[in-house]
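Each chain, letter by letter, is given below.
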Amino acid sequence: MSIHLQNVSKAFSSRGASVQVLEHIELEVQRAEFVCLLGPSGCGKSTLLNLLAGFESPSSGTVIVNGRSPGQPAARAVLLFQDATLFPWLSVEDNVAFGLAAQQMPKPQRRRVAAEYLELVGLHDFRRAKVYQLSGGMRQRVALARALCLKPEILLMDEPFASLDAMTRDLLHEELQRIWLATKATIVFVTHNVREALILGDRVAVLRPRPGRIQRVFPVDLPRPRHFEDPGIAELARGVLHELRKAAH
Amino acid sequence: MNRRFATKFSFLFVVLALWQVLAGLQLWPNYLFPSPAEVLEVYTAGIADGTLLEATVSSLARLGVGYAISLLVGVPLGLIWGRSRLVQDTVGVLMIGLQALPSITWLPIALLWFGLSEMAVIFVVFMGAVWAIAIATRDGIQSVPANSIRSARTLGANSLFLTIQVLLPASLPSMITGMKLGWSFAWRSLMAGELLYYGVGLGQRLSQGRELNDMSLVVAVMIIIIVFGLIFERGVFQPLERRIREQFNLG
């Protein structure tokens with residue numbers, strides 16, 4: 001078992017009032033499984049990822065990541081954000097090598113590893129480039145390489161492709177599937193895009209808002225690599241959309 | 001010769017010419033409105049007998065030492081101030097208050113603590129510059145996006161690595177503004193301190209000029225200060241800012 005959420009609830013207090021963000025979340029994610037969390041804004045998807053990354057702690061219930069409580073280095077989980085959050089004062093390769101430098105890997109070695117992972121995301125020629133020279137899609141690929149070179153067992157992705165154009169997003173969907181098959185990391189991917197969830201996920205958990213709860217979990221038994229235009233995706237999307245509409249009420 | 005340089009140079013020439021003409025009209029007595037030639041004389045004499053040179057060097061030394069200490073104290077102070085809620089709610093309030101205090105008000109205390117020594121003036125310079133540097137560093141630290149910090153954390157950065165590799169570089173644009181502000185406060189404090197305190201320095205030359213009714217000396221010292229202001233702005237801070245802008249591509 002890679003991730004285990006047991007009866008997890010989370011409430012925030014703002015201006016004296018308590019807001020229930022997540023309620024009775026039960027979720028198990030197997031090793032090397034790709035799970036998408038799908039829901040409208042305000043359903044607590046990002047909060048759920050922050051719990052898994054150890055940036056928030058649950059109000060009640062238990063969160064176990066890689067057999068440990070979240071946030072410890074040994075949990076080996078890396079969170080990716082909607083904005084790539086690259087460091088503009090570092091070159092592309094130094095951005096990728098950031099986590100390796102934090103582990104005090106010597107410079108020649110981390111350059112080598114960074115180059116290897118830039119190759120994996122198809123940006124080897126840009127290793128000496130500055131961050132501002134990259135497009136949004138390229139930045140996300142750098143962020144992905146930066147996470148992957150730490151060989152994490154778990155990737156937590158918070159709408160990483162939401163601000164990209166449709167064509168770039170299609171490309172990155174293919175790339176992420178390829179990389180996931182190659183690295184066999186466990187991935188929890190948050191999105192509000194139904195097709196995206198169905199293209200990527202082994203399972204899609206539909207969340208309903210206020211308070212955030214898991215409404216239903218859909219298994220996606222379609223062959224990979226999957227594409228936006230696959231008829232199987234369109235068919236499943238209908239059922240998921242129906243569930244989402246129910247959830248909104 | 002490029003055109004902008006020519007513009008600057010001719011402007012300087014026009015100012016000098018106007019000054020000479022005004023002085024030549026003899027509207028005011030010489031000791032109230034000296035001519036450029038008289039000021040030039042002060043320089044040749046002051047450099048020949050070494051007094052002006054000595055004054056400039058000792059003032060710059062005090063400024064340099066005081067400013068360096070402000071950087072060494074102000075940057076770490078701003079860093080802790082920006083990161084710690086406890087510091088913000090306790091010492092932070094005190095520091096904002098101290099920052100409002102004109103640094104020359106520290107001179108009486110400095111004279112009691114350090115006696116009639118270099119340290120007294122250096123202390124006043126330090127008190128003039130340190131708060132601007134600390135506040136700008138704090139502002140820089142506080143404007144680092146939360147997701148940049150979380151990103152670094154999730155990639156395994158500990159607090160020291162986060163500080164050196166993320167918080168400080170991300171704060172540089174704000175810090176450089178504070179360093180410039182601190183520098184000009186340091187100059188002001190130095191002059192105020194030297195005017196009041198007896199010792200070798202540009203401020204003391206100024207007060208000597210006043211006592212001797214020697215306006216040309218006063219003007220000569222003012223010009224020295226202006227020239228050094230320009231040298232540091234153009235030679236240090238502007239290139240530094242440009243480099244940081246390039247690094248961050250802030251345009």
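The structure displayed is predicted, hence computed values, not measured ones.

Draft legend 1. Up close: the overall build of chain B. Of regular secondary structure, chain B possesses eleven helices and zero strands. Seen in sequence order, chain B has helices and strands lined up from the N terminus as α-α-α-α-α-α-α-α-α-α-α. For chain B, the spread of C-alpha atoms along the principal axes amounts to about 75 × 55 × 30 Å. Each of the 251 residues in chain B was classed as buried or not, and the buried ones make up 41%. Relative to all contacts within chain B whose residues are 6 or more apart in sequence, the contacts with residues 24 or more apart total 69%. Within the structure as shown, chain B displays about 13,800 Å² of accessible surface, and the carbon and sulfur contribution to it stands at 69%. The average position of the 17 basic charges and that of the 13 acidic charges among the side chains of chain B differ by 17 Å.

Draft legend 2. Up close: empty space enclosed by the protein. All chains considered together, the criterion is met by one cavity of 30 Å³ or more. For the largest cavity, the calculated volume is near 70 Å³. As for the largest cavity, its lining consists of 14 residues, of which Leu79, Leu80, Ala143 and Arg146 of chain A together with Ser151 of chain B are closest to the centre. Looking at the lining of the largest cavity element by element, the count peaks at four residues for helix α5 (residues 136–148) of chain A. Taken together, the residues of the lining of the largest cavity sort by class into eight nonpolar, four polar and two charged.

Draft legend 3. Highlighting the sheet that holds strand β2 (residues 17–29) of chain A. Residue and element names in this part refer to chain A. Overall, antiparallel pairing links the three strands, which are arranged β2-β1-β4 in an open sheet. Two strands close off the open sheet at either side, each with one partner strand: β2 and β4 (60–65). Direction aside, the axes of adjacent strands within the sheet are offset by 30 degrees on average. Examined bridge by bridge, strand β1 (residues 3–14) and β2 share nine bridges and lie antiparallel to one another. Bridging across to β2, Leu5 finds its partner in Leu27.

Draft legend 4. Layout of the side chain of Ser189 of chain B. Residues and elements named next belong to chain B. Mapping Ser189 onto the fold places it in helix α9 (residues 159–196). Ser189 gets classed as buried once you look at its relative accessible area, which sits at 3%. One polar contact links Ser189 to Ser103, side chain to side chain, over a distance of 2.6 Å. Excluding residues that lie within four positions of it along the chain, Ser189 makes contacts with Ser103, Val124, Val125 and Gly128.

Draft legend 5. Seen up close, the pattern of salt bridges. Scanning all chains against the criterion turns up 20 salt bridges over all chains. Among the ionic pairs, Glu56 of chain A bridges to Arg150 of chain B, the shortest N-O distance being 3.9 Å. One end of the pair, Glu56 of chain A, is in the loop between α1 (45–53) and β4; the other, Arg150 of chain B, is in helix α8 (residues 146–154), on a second chain. Overall, the relative accessible area of 22% leaves Glu56 of chain A in the partly exposed class. Residue Arg150 of chain B is classed as partly exposed on the basis of its relative accessible area, which comes to 23%. Where Lys180 of chain B meets Glu233 of chain B, a salt bridge forms, and the shortest distance between an N and an O atom there is 3.8 Å. Taken together, the residues Lys180 of chain B in helix α9 and Glu233 of chain B in helix α11 (residues 215–248) connect sequence positions 53 residues apart. Its relative accessible area of 25% is what places Glu233 of chain B among the partly exposed residues.

Draft legend 6. Quick look at the interface of chain B and chain A. Between chain B and chain A, the residue contacts involve 19 residues of the former and 21 residues of the latter. Together, the buried faces of chain B and chain A total about 1,800 Å²; carbon and sulfur atoms form 65% of this surface. Three residues, Arg150, Thr154 and Leu155 of chain B, lead the burial of chain B against chain A; their summed loss comes to 37% of the area buried on that side. Taken together, the connections running from chain B to chain A amount to one salt bridge. Across the contact surface, chain B and chain A share six residue pairs in polar contact (both at pLDDT 80 or more). Secondary structure elements with two or more residues in the side of chain B that touches chain A: α8, α9 and α11 of chain B.

Draft legend 7. Representation of unusual backbone geometry in the model. All names here are of chain A. For the bond running from Arg210 to Pro211, omega is -10 degrees, close enough to zero to count as cis. At the junction of Arg224 and Pro225, the peptide bond is cis and its omega measures out at 0 degrees in the coordinates. In this structure, Pro225 sits in the loop between β9 (213–219) and α8 (231–248). Although it is not a glycine, Lys151 sits at a positive phi angle of roughly 45 degrees. As for its position among the elements, Lys151 is in the loop between α5 and β6 (154–158). Overall, Lys151 belongs to the exposed group, its relative accessible area being 52%. Not every positive phi belongs to a glycine, and Arg210 is a case in point at roughly 45 degrees.

Draft legend 8. Expanded view of the layout of surface pockets. The space that makes up the largest pocket amounts to roughly 750 Å³. If you trace the largest pocket, you find 22 residues lining it, with Leu12, Ile223, Ile226, Val227 and Leu230 of chain B closest to the centre. Counting only elements with at least two residues in the lining of the largest pocket, the list comes to α1 (3–24), α2 (36–48), α3 (51–83) and α11 of chain B. Of all the elements, α11 of chain B adds the most residues to the lining of the largest pocket, at eight residues. Of the residues that constitute the lining of the largest pocket, the class distribution is 19 nonpolar, one polar and two charged. In this structure, the second largest pocket spans a volume of roughly 430 Å³. If you go around the second largest pocket, you meet 21 residues; those closest to its centre are Gln72 and Pro73 of chain A together with Arg153, Thr154 and Gly156 of chain B. Of all the secondary structure elements, the ones that give two or more residues to the lining of the second largest pocket are α1 and β5 (77–80) of chain A together with α8 of chain B. In terms of residue class, the lining of the second largest pocket is built from twelve nonpolar, seven polar and two charged.

How each quantity is defined
- Residues numbered from 1 in each chain as written.
- Chains lettered and ligands numbered in written order.
- Predicted model: local features only at pLDDT ≥ 70, side-chain atom pairs only at ≥ 80, totals over all residues.
- Heavy atoms only, no water.
- Helix = DSSP H or I, 4+ residues; strand = E, 2+ residues; numbered from the N terminus.
- Buried < 20%, exposed > 50% of the residue type's maximum accessible area, 1.4 Å probe, protein only.
- Contact = heavy atoms within 4.5 Å.
- Areas by Shrake-Rupley, 256 points an atom, 1.4 Å probe, with all protein chains shown as cover.
- Lys, Arg positive; Asp, Glu negative; His and termini not counted.
- Charge placed at Lys NZ, Arg CZ, Asp CG, Glu CD.
- 1 Å grid on protein atoms, 1.4 Å probe; cavity = no way out; pocket = protein on both sides within 12 Å on 5 of 7 lines; lining within 4 Å.
- Points joined across faces, edges and corners; volume = space filled by probe spheres on them.
- Nonpolar A, V, L, I, M, F, W, Y, C, P; charged D, E, K, R; others polar.
- Pairing = 2+ DSSP bridges.
- Axes fitted to C-alpha atoms, helices over the stretch in contact; angles between N-to-C directions.
- Polar contact = N/O pair within 3.5 Å; in protein donor to acceptor, adjacent residues only side chain to side chain.
- Salt bridge = Lys/Arg side-chain N within 4 Å of Asp/Glu carboxyl O.
- Buried area = accessible area lost by both parts, 1.4 Å probe.

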